[in-house]
Amino acid sequence: AQFKSWPRVSDQWVAWVERLYPYFGNQWKSQGLWNLVEMSKVVMSKQSLLFDCILRFWSPASNAFLFSWGPMSPTMYDIYLFTGLSLIGPDSPYFIDDSAAPKLAPPRY
């Protein structure tokens, strides 16, 4: 009941995307949308127990996960790593594929 809006992938959607690929595939790739289109065709399984566990750490007041070592929230770079979607745009603080752009700090574990 708590996942009523979980994304569903229909066969009609996949067929529609495949039918449009010959016409728009190169444009999707050139605009950095190809990974998003490909992700829209994949069924993502629900990890209900994982969601239940991680939601216990979520703070709607700070929009962050509150852990003993401090708050943590997903960054735009995290979204780029998970989805492959480009961060290039008018609001982008950096260009991922630009060799002249400042380099991002490596993740600290």
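Shown above is the structure to which this text applies.
A quick note: this is a predicted structure, and the numbers were derived from the prediction, not measured.

**Q** With reference to specific residues and values, describe the environment of Pro-7.
**A** Structurally, Pro-7 can be placed in the segment before helix 1 (11–30). Separated by 39 residues in the primary sequence, Pro-7 and Lys-46 place their C-alpha atoms 9.8 Å from one another.

**Q** Got a sec to walk through the sheet that holds strand 2 (residues 64–67)? Specific residues and values, please.
**A** Strand order in the open sheet formed by 3 strands is 1-2-3, with antiparallel pairing between adjacent strands. Of all the strands in the sheet, just strand 1 (58–59) and strand 3 (70–72) have a single pairing partner and so form its edges. By the bridge criterion, 3 bridges tie strand 2 to strand 3 in an arrangement that is antiparallel. What sits directly across from Phe-65, in strand 3, is Met-72.

**Q** Break down unusual backbone geometry for me, with residues and values.
**A** In this model, Asn-63 sits at a positive phi of 50°, which is unusual for a non-glycine residue. Here Asn-63 is to be found in the loop between strand 1 and strand 2.

**Q** Give me the lowdown on the pattern of salt bridges, citing residues and values where you can.
**A** One pass over the full model with this rule turns up 2 salt bridges. Glu-38 is the partner of Lys-41 in a salt bridge, and the nearest nitrogen-oxygen pair spans 3.0 Å. Classification of Lys-41 by relative accessible area gives buried; the value is 18%. On the basis of relative accessibility, which here comes to 28%, the residue Glu-38 falls in the partly exposed class. Connected through salt bridges with shared partners, the residues Glu-18, Glu-38 and Lys-41 form a single ionic network.

**Q** Quick rundown of the side chain of Ser-59? Include the residues and the values.
**A** Inspection of the secondary structure assignment puts Ser-59 in strand 1. Of the polar contacts made by the side chain of Ser-59, one reaches the side chain of Ser-62; its length is 3.2 Å.

**Q** Would you mind going over the side chain of Lys-41 in detail, with residue names and values included?
**A** Along the chain, the position of Lys-41 falls in the loop between helix 2 (34–39) and helix 3 (48–55). Engagement of the side chain of Lys-41 in a polar contact is seen with the side chain of Glu-18, the distance being 2.3 Å. Looking at Lys-41, its side chain comes within polar contact range of the side chain of Glu-38, at 3.0 Å.

Procedures and definitions
- Residue numbers run consecutively from 1 along every chain, following the written order of its sequence.
- Per-residue local features are limited, in this predicted model, to residues with pLDDT of at least 70; the limit for side-chain atom pairs, both in listing and counting, is 80 or more; totals at the level of whole chains, interfaces and linings are taken over all residues.
- Think of the side-chain values as coming from all heavy atoms in the structure, minus any hydrogens and water.
- Each helix is a run of DSSP H or I of at least 4 residues and each strand a run of E of at least 2, with the numbering of both proceeding from the N terminus.
- For two strands to count as paired, DSSP must find a minimum of two bridges between them.
- Here, a salt bridge means any side-chain nitrogen of Lys or Arg that lies within 4 Å of a carboxyl oxygen of Asp or Glu.
- Using a 1.4 Å probe on the protein chains alone, a residue whose accessible area is under 20% of its type maximum counts as buried, one over 50% counts as exposed, and one in between counts as partly exposed.
- Any pair of N or O atoms that falls within 3.5 Å is considered a polar contact. Within protein, one atom must be able to donate a hydrogen and the other to accept it, and sequence-neighbouring residues count only if both atoms are side-chain atoms.

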